[in-house]
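Summary of the model geometry
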Amino acid sequence: MTSKPTATPDAQVWLARYRRWQAIVEPALWTVFFCGQATLNSLTVWLDIERTRLGFAPWEPVVWEWSSNLVLLALVPLVIAFERRFGLHWNTWRDNLRWHVLASMAFSLVHVTAMVGLRKLAYASQGGDYVFGNWPLELFYEYLKDARSYAAILILVALYRLLLLRLQGEASLLQAPDSGAPVEPIERPERFLVRKLGKEFLLPAAEVEWLQAWGNYVNLRVRSHDYPLRTTMAAIESRLDPARFVRVHRSYIVNLDCVQEIESLDSGDARARMRDGGVVPVSRRYRDGLRRVAANGA
């Protein structure tokens, strides 16, 4: 039976309330960020034009900045979805970095193409014609800026997730008592101790749906929440029940009781669909072992 804290800290109350509005707040924050950036940049460019007396109409910097930032805003969900598929975690960034380099190029090409299209429409509405310039040279110039924007989005997403993880709580392994015998095996823990801002409760190991390597931590996935445990995948794998928990990727361990189906991919890899709707990658190295253990346990 899981023991839970008798009182909920203010931060936990805030987090519970935020979860109900999270799907609305997150897009709103991105919208405020890019619209604010477009507004401030428009004003800055307009002041530079006025100061140097360049021959541009006042509406032109507004078109330049808003066309760029609105397209960037539209691309944010695609970047986040791509990062979920090719995560840049401690154990996967070497494998996935090349995909993000290619994705940043596609990101820049889409950004520039859509941005120029919007500018041409805006200029045409004013009886003018927008000239982008030498396309190869301008594309390279824009990519240097867009690569930074792409990286900034990934960094902001990572920091945001880290903040939520810290508020959700951090897990630790139960330690042997100072005196007397432990109430459960320390070498193979049946429960984890979770601390949430001064409060503690016990989390049964059987309720952990999967584990994911995350830097110097391993995230324990439980009912759509992640609890970071300061350890390595190799260390925690040796202390889990091998009849229940199976390594499926260099960065993932799954609870067989929570696997709904295993779907093969054309690449030779696979993915495990979990009962909560989550998807966990299964690499070729571990695919056959997962199926064998799952079949034996069926």
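So, here's what we can say about the structure. (Residues numbered from 1 in each chain as written. Predicted model: local features only at pLDDT ≥ 70, side-chain atom pairs only at ≥ 80, totals over all residues. Heavy atoms only, no water.)

1. Here we look at the pairing of strand β6 (residues 225–229)
The line we're drawing: Each residue's exposure class comes from its accessible area (1.4 Å probe, protein chains only) as a fraction of the maximum for that residue type: buried when under 20%, exposed when over 50%, partly exposed otherwise. Numbering of helices and strands runs from the N terminus; a helix is a DSSP stretch of H or I covering at least four residues, while a strand is a stretch of E covering at least two. Here the rule is simple: two strands pair whenever DSSP picks up at least two bridges between them.
Within β6, four of the five residues are buried, which leaves it mostly tucked inside the rest of the structure. Where strand β5 (residues 217–222) meets β6, five bridges bridge the pair, whose relative direction is antiparallel. Across the sheet, the residue bridging to Arg221 is Asp226, located in β6. The loop that links β5 with its antiparallel partner β6 comprises two residues; one of these, Arg223, has a positive phi angle of about 50°.

2. Considering the packing of aromatic side chains
For the record, the criterion: Stacked, tilted and edge-to-face pairs are distinguished by plane angle, under 30 degrees for stacked and over 60 for edge-to-face with tilted covering the rest, among Phe, Tyr and Trp rings (Trp via its six-membered ring) whose centres lie within 6.5 Å. Two limits define a charge over a ring: the Lys NZ or Arg CZ must be within 6 Å of the ring centre, and within 35 degrees of the ring normal.
A complete count under the given rule lists nine aromatic pairs for this structure. Ring geometry for Phe33 against Phe34: centres 5.0 Å apart, planes inclined by 85°, an arrangement best described as edge-to-face. Residue Phe34 is classed as buried on the basis of its relative accessible area of 6%. In this structure an aromatic cluster arises from ring pairing among Trp30, Phe33 and Phe34. The ring of Phe86 carries the charged tip of Arg85 above its face, separated from the ring centre by 4.7 Å.

3. Focus on the environment of Gly87
In this fold, Gly87 is placed in the loop between α2 (59–85) and α3 (93–125). For Gly87, a relative accessible area of 7% puts it in the buried group. In the structure, Gly87 is positioned 127 residues away from Trp214 in sequence and 9.8 Å away in space, judged by C-alpha atoms.

4. Remarks on the pattern of salt bridges
Note on pairing: side chains with opposite charge can pair once their charged atoms come close. For clarity, the cut-off: Salt bridges are identified by distance alone: a Lys or Arg side-chain nitrogen within 4 Å of an Asp or Glu carboxyl oxygen.
Enumeration over the complete set of coordinates arrives at twelve salt bridges. In this structure, Arg223 engages Glu207 in a salt bridge whose closest nitrogen and oxygen atoms are separated by 2.7 Å. With Arg223 in the loop between β5 and β6 and Glu207 in the loop between β3 (199–204) and β4 (210–214), this pair connects stretches of sequence that are 16 residues apart. A salt bridge links Asp269 to Arg284; its shortest N-O distance comes to 3.4 Å. With Asp269 in the loop between β9 (259–264) and β10 (270–274) and Arg284 in helix α6 (residues 284–297), the pair connects residues that are 15 residues apart, well separated along the chain. Overall, the relative accessible area of 53% leaves Arg284 in the exposed class. If you follow the salt bridges from partner to partner, you end up with Glu261, Glu263, Arg271 and Arg273 in one network.

5. Quick word on the nonpolar core
Nonpolar side chains tend to gather and get buried jointly when the protein is soluble and globular. So the rule is basically this: For our purposes a nonpolar core is just a set of buried Ala, Val, Leu, Ile, Met, Phe, Trp, Tyr and Cys residues, chained together by side-chain atoms within 4.5 Å.
In terms of nonpolar packing, the biggest core is built from 20 residues, with Phe192, Val208, Leu211, Leu220, Tyr227 and Ile236 touching the most fellow members. Secondary structure elements with two or more residues in this core: β1 (170–173), β2 (191–196), β3, β4, β5, β6 and α5 (233–237). Residues Leu73, Ile80, Tyr150 and Leu154 belong to the second largest nonpolar core, which totals 15 residues.

6. Some points on α3
Heads up, the rule is: To estimate how far a helix should extend, the number of its residues minus one is multiplied by 1.5 Å.
With 33 residues, α3 should reach 48 Å at 1.5 Å per residue; the first-to-last C-alpha distance of 46 Å fits that figure. In the segment just after α3, Gly127 is the residue with positive phi, at about 80°.

7. Examining the side chain of Ser42
Applied cut-off: Residues adjacent in sequence count toward polar contacts only when both atoms are side-chain atoms; beyond that, a polar contact is any pair of N or O atoms within 3.5 Å, and within protein one must be able to donate a hydrogen and the other to accept it. Here a residue-residue contact requires only that any non-hydrogen atoms of the pair lie within 4.5 Å.
Inspection of the secondary structure puts Ser42 in helix α1 (residues 10–52). Residue class for Ser42 comes out buried when judged on its relative accessible area of 7%. From its side chain, Ser42 meets the backbone oxygen of Ala38 in a polar contact 2.6 Å long. Setting aside its immediate chain neighbours within four residues, Ser42 contacts Pro61, Val62, Glu65 and Trp66.

Geometric descriptors of this kind do not, in isolation, establish any biological role.
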